[in-house]
Amino acid sequence: METANQIVSTGTFRVLKLPLGFIRVLEWLFSIFAFATCGGYTGQLRVSVDCINKSDSNLSIGINFAYPFRLNRVDFDVPMCQERRQERLYLIGDFSSSAEFFVTIAVFSFLYSLLATVDFVVTVVFSFMWLVSSSAWAKGLSDVKSATDPDEVVLLMSACKVQSNKCSSIYGPRWSGLNTSVVFGYLNFVLWAGNIWFVFKETGWHKGGAARYPASSSEKQPPAQQVYNQASFDQSGAAFTGTGDFAQSEYSQVGNYSSSGPISYSNQ
């Protein structure tokens, strides 16, 4: 919500230049692509049954299915090649759990990216759930492909079990949309997992850790002994230090040193 308010208040998209703002926009877009490609999918396969008695044949049997892929509820009529009798068959399997789980995560992450403020715990949870839901949906999609394979559907027909009848598949469903949904699922996982670090930097845990280990005073400034060791003296006894002429003035006030006699003091 803070990101949206900043965009509206300033009238610019400068916030998108920041890593966290840019990633948030990508999360929003990828969530849309994920549930749109999966939740809006419809597929069709077509098979044919060519009986000995041509009048009993049906050379174009269309079977339609869609999200959430409750295939055991998809029915279709096929000829039995016996006196123009037909039988009603159903596809095999119910894969709605993995598909609905995947779409639910996509919808909630979309809403969170659009409305919610930065929250480290929620980001970690969503990154984990994207991995689980994408893996579950990838397995579910593999099962959907197997259950809707025209060659497998033909085997369900009793007329096709008679060798004298000829059954074949005309074409199968197009899987590009659902394959894309799986790809966007894993992309969302990578995106949310990568966003954990940027969100973690905004939490009190990261700031508290930095305050718990401040730089020691010894690292900030050298000890006094090192300052004195840096002083060098010439033959006349004048001291030169990095602090100016302080040492030289102090030495001249104390007295002058003579190598041929005792120390004499003067009021200078």
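What you see is a predicted model, and the numbers here were worked out from it, not measured in a lab.

A few words now on the overall build of the protein. A count of helices and strands for the protein gives 10 helices and seven strands. By the burial criterion, 32% of the 268 residues in the protein qualify as buried. Working note: accessible area of the protein is about 16500 Å², and carbon and sulfur atoms make up 58% of it.

Okay, the nonpolar core next. Counting 44 residues, the largest nonpolar core has Val-49, Phe-65, Phe-69, Leu-71, Phe-76, Trp-137 and Met-157 as the members making the most contacts within it. Of all the elements in the fold, those that place two or more residues in this core are helix 2 (19–39), strand 1 (42–50), strand 2 (58–66), strand 3 (75–79), helix 3 (96–115), helix 4 (120–147), helix 5 (150–154) and helix 6 (176–200). Excluding anything up to four places from it in sequence, Trp-137 contacts Cys-38, Phe-69, Ser-98, Ala-99, Phe-102, Leu-178, Ser-181 and Val-182.

Let us look at a nonpolar patch on the surface. Nonpolar side chains collect at one region of the surface, where Trp-28, Leu-29, Phe-33 and Leu-114 lie side by side and expose about 310 Å² of accessible area between them. It is helix 2 that provides the largest number of residues to the nonpolar patch, a total of three residues. In this fold, Leu-114 is placed in helix 3.

For helix 6, built from 25 residues, the straight-helix expectation of 36 Å at 1.5 Å per residue is met to within 8% by its first-to-last C-alpha distance of 36 Å. Within the sequence span of helix 6, burial applies to Leu-178, Ser-181, Val-182, Phe-184, Gly-185, Asn-188, Leu-191, Trp-192, Asn-195 and Val-199.

On inspection of all chains with the given rule, the structure shows 15 aromatic pairs. Ring pairs connect the aromatic residues Tyr-41, Phe-65, Tyr-67, Phe-69, Phe-102, Trp-130, Trp-137 and Trp-175, which therefore count as one cluster.

Turning our attention to the state of the cysteines. If you walk through the whole model with that rule in mind, you get two disulfides. In this model, Cys-51 is linked to Cys-81 through a disulfide, with the two sulfur atoms separated by 1.8 Å. Handedness of the Cys-51-Cys-81 disulfide follows from its S-S torsion of about -70°: it is left-handed. Here Cys-81 lies in the loop between strand 3 and strand 4 (86–90) and Cys-51 lies in the loop between strand 1 and strand 2, a separation of 30 residues in the sequence. With its bonded cysteines labelled in order along the sequence, the protein shows the pairing 1-2, 3-4.

Turning our eyes to something else, we now look at the UniProt feature "transmembrane region" (unreviewed entry) in the protein. Sequence positions flagged by UniProt for "transmembrane region" (unreviewed entry) are, in local numbering, residues 101–132 and 183–200. The span residues 183–200 is 100% helical and 0% strand by assignment, and the distance between its end C-alpha atoms comes to 26 Å.

Let us now look at the pairing of strand 3. By the bridge criterion, five bridges tie strand 3 to strand 4 in an arrangement that is antiparallel. Bridge pairing links Phe-76 to Leu-89 in strand 4.

We now examine unusual backbone geometry. Leave glycine aside and you will find that most residues have negative phi; peptide bonds, for their part, are mostly trans. Here the residue pair Tyr-67 and Pro-68 is connected by a cis peptide bond, since its omega of 10° sits within 30 degrees of zero. Examined against the element boundaries, Pro-68 turns out to sit in the loop between strand 2 and strand 3. Even without a glycine there, the phi angle at Phe-69 is positive, about 65°. Inspection of the secondary structure assignment puts Phe-69 in the loop between strand 2 and strand 3. The backbone of Glu-83 sits at a positive phi, close to 55°, despite the residue not being glycine. By the secondary structure assignment, Glu-83 is in the loop between strand 3 and strand 4.

A few words on the pairing of strand 4. What you see with strand 4 is a clean split: Glu-87 and Leu-89 sit on the buried side and Gln-86, Arg-88 and Tyr-90 on the side with no burial. Counting the residues between successive antiparallel strands, the hairpin from strand 3 to strand 4 contains six residues, one of them, Cys-81, with a positive phi of roughly 60°.

What follows is about the sheet that holds strand 5 (residues 166–171). Spatial ordering of the open sheet is given by 2-1-5, a layout of three strands whose pairing is antiparallel. Lying at the two open borders of the sheet, with one neighbouring strand each, are strand 2 and strand 5. Each strand axis lies, on average, 25° off the axis of its neighbour in the sheet, ignoring direction. Where strand 1 and strand 2 come together, seven bridges link them in antiparallel fashion. Bridging across to strand 2, Gly-43 finds its partner in Phe-65.

Here is what the cut-offs are and how they apply
Sequence order as written defines residue numbering, which begins from 1 separately in each chain. Local features in this predicted model are restricted to residues of pLDDT 70 or higher, and side-chain atom pairs are both shown and tallied only at a pLDDT of 80 or more, whereas totals for entire chains, interfaces and linings draw on every residue. In computing side-chain properties, one takes all heavy atoms of the structure into account and sets aside hydrogens as well as water. Runs of H or I in DSSP of at least four residues are treated as helices and runs of E of at least two as strands, each being numbered from the N terminus. Burial here depends on accessible area, computed with a 1.4 Å probe over protein chains only, as a share of the maximum for the residue type. Under 20% is buried, over 50% is exposed, and the range in between is partly exposed. Accessible areas in this description were obtained via Shrake-Rupley with a 1.4 Å probe; residue shielding takes into account the shown protein chains only. Nonpolar cores are built from buried Ala, Val, Leu, Ile, Met, Phe, Trp, Tyr and Cys residues. Side-chain atoms within 4.5 Å join them into one set. Contacts are assigned to residue pairs with any non-hydrogen atoms lying within 4.5 Å of each other. Residues forming no salt bridge and having over 30% relative accessible area are the ones grouped into patches, like charges within 9 Å of each other and nonpolar side chains (Val, Leu, Ile, Met, Phe, Trp, Tyr) within 5 Å. Any carboxyl oxygen of Asp or Glu within 4 Å of a side-chain nitrogen of Lys or Arg constitutes a salt bridge here. One fewer than the residue count of a helix, multiplied by 1.5 Å, yields its expected span. Only Phe, Tyr and Trp rings take part, Trp by its six-membered ring, and two of them pair if their centres are within 6.5 Å. Stacked means planes under 30 degrees apart, edge-to-face means over 60, and tilted covers everything else. A pair of sulfur atoms, both from cysteines and within 2.5 Å, is called a disulfide here. UniProt positions are given in the numbering used here, feature names are shortened, and annotations may be inferred rather than shown by experiment. For two strands to be treated as a pair, DSSP must find at least two bridges joining them. Axis lines are fitted to C-alpha atoms, over the contacting stretch for helices. Their N-to-C directions set the angle, which ranges from 0 to 180 degrees.

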